[in-house]
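Tertiary structure, described
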Amino acid sequence: MSSFDPCRMFRKLAYNNALANSRLLAACATLEPGEFEATRTSFFPSIKSTLNHTLTVDWFYVDGLEGGTLGLRAFDIEEPFNDLPSLSKEQAKVDRRLVAICEGLTPEKLASTVELQRDGRVQRERMEDVLSHLFQHQTHHRGQVHAMLAGSSVAPPQLDEFIVDDDARFRGGEVAALGWSEQMLMR
C-alpha cells in the first residue's frame, strides 16, 4: 500500500466538481425555452440565478487560492450571464483553474495561508479549509439546481457517482471529453 497523500482527496474533489458541473450544465442545456430563468422555489429564485451565483463564488475563491486580489469585485455583477452557453464556458474555465490548483497541491501548500480580499480587510484562512468550504458550497448549490430540474422538463442528472474506483463504469466518455484519464483520477 502506498503512503497516505493528504492532497489526493482534494484532487478528486476538484475533478468531481468539474464533472458534476459539466453534467449539470449539459442537462440545463436541454431545458425548454423559459425554464432556465423561470421563477422556482430555492435559495435563489431560478436555475439561472443559482448557476450565476456558483460561478461568481468560484471566481472569488479560486482567485484567492491563486494568490490574486480580485476580491469582492467577483460579485460586481450579480448575474453576469443571461445565457447558459456563456455561463457554461466560464464555469468550465474556472473548473480547470481549480483542478490545476489541486493538481499542484503539496502538504505544505494545504497548510499554507490563503488571503481573501474582503470589504476593507483581508481574511486569512488555511488553504485546506478554503478548499473544503468551496467544495461544500458548490455541492450545496448544485443540489438546489438538481432539485429545481426535478420541476422542469429535464430529468436531473446523476451527480454523486465519482469518488470510488467502481464509479468509473458510470462516467463513460465524459472523462475523456474533459481531457482526463481514469488513471489520472485514481492516483
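From a predicted model like this one, the values you see are computed outputs, not experimental measurements. In this numbering scheme, every chain counts its residues from 1 along its sequence in written order. Only residues with pLDDT of at least 70 get local features here, since the model is predicted, and only at 80 or more are side-chain atom pairs given and counted; chain-wide, interface and lining totals rely on the full set of residues. Side-chain figures throughout are based on the complete set of non-hydrogen atoms in the structure, without hydrogens or water.

Another point: the overall build of the protein chain. Helix and strand counts for the protein chain come out as eight helices and two strands. As defined in this context, the radius of gyration uses C-alpha atoms, and a globule is described by 2.2 Å times the residue total to the power 0.38. Taking 2.2 N^0.38 as the reference for a compact globule, 187 residues should give roughly 16 Å; the C-alpha atoms of the protein chain span a radius of gyration of 17 Å, in line with that estimate. Over its C-alpha atoms, taken along the principal directions, the protein chain stretches across nearly 50 × 50 × 25 Å. By definition in these notes, contact holds between two residues if any of their heavy atoms fall within 4.5 Å. Taking the intrachain contacts of the protein chain between residues at least 6 apart in sequence as the baseline, contacts between residues at least 24 apart amount to 70%. The secondary structure listing takes helices from DSSP runs of H or I that are at least 4 residues long and strands from runs of E that are at least 2 residues long, numbered from the N terminus.

Known as pLDDT, the predictor's confidence for each residue is given on a scale from 0 to 100. Confidence in the prediction of the protein chain, expressed as mean pLDDT, is 91, and 99% of residues score 70 or more. Per-residue pLDDT, averaged within each element of the protein chain, yields its smallest value for helix α8 (residues 182-186) (72) and its largest for helix α3 (residues 84-103) (98).

Moving on to the environment of Gln 91. Here Gln 91 lies in helix α3. Excluding residues within four positions of it along the chain, Gln 91 makes contact with Asn 21, Leu 25, Thr 54, Leu 55 and Asp 58. In terms of polar contacts, Gln 91 uses its side chain to reach the side chain of Asp 58, at 2.7 Å. We define a polar contact as two N or O atoms separated by no more than 3.5 Å, with the added condition that, inside protein, one atom must be a possible hydrogen donor and the other a possible acceptor, whereas residues neighbouring each other in sequence contribute only through side-chain atom pairs. Within the local environment of Gln 91, its side chain forms a polar contact with the side chain of Asp 95, the two groups lying 2.8 Å apart.

This part covers the packing of aromatic side chains. In this analysis, rings of Phe, Tyr and Trp, with Trp reduced to its six-membered ring, are considered paired at centre separations within 6.5 Å, and the interplanar angle assigns stacked below 30 degrees, edge-to-face beyond 60, and tilted for intermediate values. Overall, the coordinates contain four aromatic pairs when judged by the stated rule. A centroid spacing of 5.6 Å and a plane angle of 35° characterise the contact between Phe 60 and Phe 75, whose relative ring orientation is tilted. Here Phe 60, found in helix α2 (residues 47-65), pairs with Phe 75, found in the loop between α2 and α3; they are 15 residues apart in sequence, far enough to count as distant. Classification of residues uses two cut-offs on accessible area relative to the type maximum, computed with a 1.4 Å probe and protein chains only: under 20% is buried, over 50% is exposed, and between them is partly exposed. For Phe 60, a relative accessible area of 2% corresponds to the buried category.

Bringing the pairing of strand β1 (residues 113-118) into the picture now. When DSSP finds at least two bridges between two strands, those strands are taken to pair. Here six bridges tie β1 to strand β2 (residues 121-126), and the two strands are oriented antiparallel to one another. Residue Val 114 lies in a different strand from β2, and its bridge partner there is Glu 125. Hairpin connection from β1 to β2: two residues lie between these consecutive antiparallel strands, with Gly 120 at a positive phi of about 75°.

By salt bridge we mean one thing: a side-chain nitrogen of Lys or Arg within 4 Å of a carboxyl oxygen of Asp or Glu. Counted by the stated rule, this structure contains six salt bridges. For Glu 90, the salt bridge identified is with Lys 93, shortest N-O distance 3.1 Å. Taken together, the positions of Glu 90 and Lys 93, both in helix α3 and three residues apart, correspond to about one turn of that helix. Looking at Glu 90, the relative accessible area reads 19%, which means it is buried.

Our next topic: the side chain of Asn 21. Tracing the sequence through the fold places Asn 21 in helix α1 (residues 8-28). Classification of Asn 21 by relative accessible area gives buried; the value is 7%. At 3.1 Å, the side chain of Asn 21 and the side chain of Arg 142 are in polar contact. In this view, Asn 21 contacts Gln 91, Asp 95 and Arg 142; residues no more than four positions away in its chain are not counted.

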